[in-house]
Structures are given as structure tokens and as C-alpha cells.
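# Structural overview for review
Single-letter residue listing:
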Amino acid sequence: MVKKRDRLEVIHDILRIISEKNNSVKPTPLLRYSNLSSQRFTEYYHELLDKELIREIIDKKGKKFISLTDKGFKYLEKYKMIIGFVEEFEL
Amino acid sequence: MMRPIFHDPTIFYVELIYSAIIIILSLLIFFRTKEIYDLTKHKGIGFFRNTFLFFGLAYFFRFMITAFDISRMTFDFHIRKLFLMPIVLVVVSYLSTMAILSLIFSTTWKNLKMRFIIVANIIAAMLSLVVFFTRSSIVLIWCQTILLIIAIFLSYKKHRKSKRFSSLFLIYVLLFAFWILNMAVISPQKPIPIEFRILQNIISVGIFSFIFYKVKKLIK
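Residues numbered from 1 in each chain as written. Chains lettered and ligands numbered in written order. Predicted model: local features only at pLDDT ≥ 70, side-chain atom pairs only at ≥ 80, totals over all residues. Heavy atoms only, no water.

### A short note on the overall build of chain B
This is how it is decided: Runs of E in the DSSP output that reach at least two residues are strands. Runs of H or I that reach at least four are helices, and both are numbered from the N terminus. When checking whether two residues touch, look at their non-hydrogen atoms; a contact exists if any pair is within 4.5 Å. Areas reported as accessible are Shrake-Rupley estimates using a 1.4 Å probe. Residue values count occlusion only from the protein chains shown.
On a plain count of helices and strands, chain B comes out with eight helices and zero strands. Reading the helices (α) and strands (β) of chain B from amino to carboxyl end gives α-α-α-α-α-α-α-α. Residue pairs in contact within chain B that sit at least 24 positions apart in sequence constitute 77% of those at least 6 positions apart. Carbon and sulfur atoms form 74% of the exposed surface of chain B, whose accessible area is close to 11,500 Å².

Okay, here's the thing in C-alpha cells:
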């Protein structure tokens, strides 16, 4: 059975997808790649915006793109360390 | 100006150094974990950090109780006995109970569905009120011992499911147990030999140092 991803892992996956798409991806492909239901994706999406891990950019044609903030890049960089910490202290 | 008169200056200096080390270690753990908490807003990390913030503050106020008891300083005896001590004891009760509950919540928050902050504050405030009206640290020691037993039970349930022994569980139990002992040694009803106090202080510093070492190793 495939293990359900926890919150930290889902956030990491979303941020990693954005990073791998040259730090610019539209919401619909991001929903598809993230492998989440649209309701759960929306929840995570707003959470990431609130936490300032991602930001929305509107181009000249009015199309919306999502990119990582500095904080988002830092999350990706520190992810292994964060997981190690959470597991070590059973948090 | 009158110099402070200490019943036994050695106990005062031992307590001063001991409290300073514990407070510094607690604050180091708190600030060291700031970045990963800011990035994730992970509830478990938040409770873990709060544990050490509350412990640091609790040890600071505990030192004040010790200082009041050991020295007469410039405080008038009646003011000290009737006014300052109960207030400081209430503050210590509140902070230490919050520390213990935060540590319990840090490992059990996924299994317990409740409003942690409200529940913790209600329990800590109720315990502080009981301590205020009874003006006894013995009541605090007994109440926190009950919390320790509940924590052991919850942790046992959690680890029985995962079927693995956790060394961290032992560290947490020791952390609680030595806090309770820390309160017991300053209880006026039972004066404890200084050798025992020093030994207990060394073990407490060892527990905090071990946790700080683990945090430092993981967060570079």
C-alpha cells in the first residue's frame, strides 16, 4: 500500500515541482503534477501563499504564474534537515 | 548599605550557576529551532520550542524562589512571605505546567483532537490557582507528578502501536522527573543535603545538554 504523504512532504513536492519548472508554472499544471484532489490542492495553495513560500505573478497577457519566494527556496534547501528533526524528536 | 545575608552562600552560587546554564540551554534550543518553525509552522516543532521557552522562564523564576529562601537580601520578611513568594510560585506553576503540556502535545498532537493552546492554558491556570490558594509547592509537585503519569501513559500507548523503544521517551520522562525533583529540593518542608542537590543539578544539566546537542547536530 502506498503511504499517505504528510503535510511537510506535500508542501515539499509542490515547491519542488515549481522549482523544476524553472520557477514558473501555471496553477492548472501544478494541480495535475502535485497529484492532489482539487480541494486539497486549493487548501495547500492558500497555505503556501499565506506562509509566503510561493507568490503569484500575472504577466502582461493577464496569465497567472506561480513562483517560489526566497523562503520557498529555503524550505527546499532545508527540507531534509526539517524531516530529520521532526523524526528524531518524534514531533 | 546592608549586605545580603545568605544562610549558605554555597547553595546560592550552586543554584545561580545551575539556573544560568539551564536557562541558556533552553533559550539556545528555542532560538536554534526558530528558522525551521518559521518555514514550516509545524505544530510539533512549535510545541517543542514552547517547551524550552517555558522551561527557561520557569527555571528563572524557580531561581527567584531559591534566592528568596536562601537570602534575606533587602526584602522585609513579611513582604517576602506574604506577597512575593506566592506570586512567584504561581508564575513558576503556570510556566512549568505549560512546559510539561507543550512537551506532551509536541509528540501527541496528531492523535489528540483538541484546541491545545486553550486546553493547556486552562490546565496551567487552574493548577496555578490551586497553588495560589494553598500557597504550597507540594501541591504543584503532586499535580505535576499526575501530569507526568498521564504523559507516560500516552507515550506508552503511542509506542505500543509502533512497537519500538524510544530513547527520547526516556529523556522526556527524565526531564519531567528532574523538574519535579527540582521543585522538591526547594520545598521548605524537606531540606535536602547539598550533595544531593548538586548531583541532581548535574543530571538535569546533562539532560538539557543532551537535548541541545541533538538539536545542534540536526540543525546546522
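Here the narrative resumes, following the displayed structure.
### So, the packing of aromatic side chains
Threshold: The rule is short: rings of Phe, Tyr and Trp, with Trp giving its six-membered ring, pair when the centres are within 6.5 Å, and they are stacked under 30 degrees, edge-to-face over 60, tilted in between. For the exposure calls, accessible area comes from a 1.4 Å probe over protein chains only, and a residue counts as buried if that area is under 20% of its type's maximum, exposed if over 50%, partly exposed in between. Two conditions define a charge sitting above a ring: the NZ of Lys or the CZ of Arg must be within 6 Å of the ring centre, and it must be within 35 degrees of the ring normal.
All told, the structure shown has 21 aromatic pairs over all chains when counted by the stated rule. With a centroid separation of 5.0 Å and 50 degrees between ring planes, the pair formed by Phe85(A) and Phe89(A) is classed as tilted. Of the two residues, Phe85(A) and Phe89(A), neither departs from the other in class, the shared state being buried. Taken together through their ring pairs, the aromatic side chains of Phe85(A), Phe89(A), Tyr18(B), Phe48(B), Phe52(B), Phe55(B), Tyr59(B), Trp179(B) and Phe208(B) make up a single cluster. Stacked on the ring of Phe132(B), the Lys or Arg Arg135(B) has its end atom at 5.5 Å from the ring centre.

### Focus: the interface of chain A and chain B
Condition: Simply put, the buried area is the total loss of 1.4 Å probe accessible area from both parts when two parts are fitted together. In what follows, salt bridge is the name for a side-chain nitrogen of Lys or Arg lying within 4 Å of a carboxyl oxygen of Asp or Glu. Any pair of nitrogen or oxygen atoms within 3.5 Å is treated as a polar contact; in protein, a donor-acceptor pairing is required on top of that, and neighbouring residues in sequence qualify only through side-chain atoms on both sides.
In this assembly, 17 residues from chain A lie in contact with 27 residues from chain B. Summed over both sides, the interface between chain A and chain B buries roughly 2,000 Å², with carbon and sulfur atoms accounting for 67% of that surface. At the boundary of chain A with chain B, the tally comes to three salt bridges. Joining chain A to chain B, the criterion identifies six residue pairs in polar contact (both at pLDDT 80 or more).

### Some thoughts on empty space enclosed by the protein
All names here are of chain B. For clarity, the cut-off: A cavity, in this analysis, means grid points on a 1 Å lattice covering only the protein atoms where a 1.4 Å probe fits yet has no way out; a pocket is instead an open set bounded by protein on both sides within 12 Å along at least five of seven lines, and a residue lines either one if it has an atom within 4 Å of a point. Grid points are joined across faces, edges and corners, and a volume is the space filled by probe spheres set on the points. When residues are sorted by character, Ala, Val, Leu, Ile, Met, Phe, Trp, Tyr, Cys and Pro go into the nonpolar class, Asp, Glu, Lys and Arg into the charged class, and all the rest, Gly among them, into the polar class.
With the rule as written, the count across this model stands at one cavity of 30 Å³ or more. Size it by volume and the largest cavity reaches roughly 180 Å³. Of all the secondary structure elements, the ones that give two or more residues to the lining of the largest cavity are α4 (77-108), α6 (137-162) and α7 (167-185). With seven residues, α6 is the single largest residue contributor to the lining of the largest cavity. Residues belonging to the lining of the largest cavity are distributed by class as follows: eleven nonpolar, five polar and two charged.

### Let's talk about a nonpolar patch on the surface
Formally: Two joining distances apply to patches: 9 Å for like charges and 5 Å for nonpolar side chains (Val, Leu, Ile, Met, Phe, Trp, Tyr), and every residue must have over 30% relative accessible area and no salt bridge.
A grouping of Tyr13(B), Leu16(B), Ile17(B) and Ile21(B) is seen on the molecular surface, where their side chains present a nonpolar patch of about 370 Å² in accessible area. As for its placement among the helices and strands, Tyr13(B) is situated in helix α1 (residues 9-32).

### Thoughts on the pattern of salt bridges
By the definition in use, this model includes twelve salt bridges over all chains. Salt-bridge contacts for Lys64(A) lead to Glu56(A); the nearest nitrogen and oxygen are separated by 3.4 Å. Note on Glu56(A): relative accessible area 35%, which makes it partly exposed. Among the salt bridges present, the one from Arg62(B) reaches Glu15(B), with a minimum N-O distance of 2.9 Å. Linking Arg62(B) in helix α3 (residues 43-70) with Glu15(B) in helix α1, this pair joins segments that are 47 residues apart in sequence. With relative accessibility at 1%, the residue Glu15(B) sits in the buried group. In the salt-bridge network here, residues are joined through shared partners; they are Arg7(A), Glu47(A) and Lys51(A).

The quantities given are spatial measurements derived from coordinates; they are silent on function.
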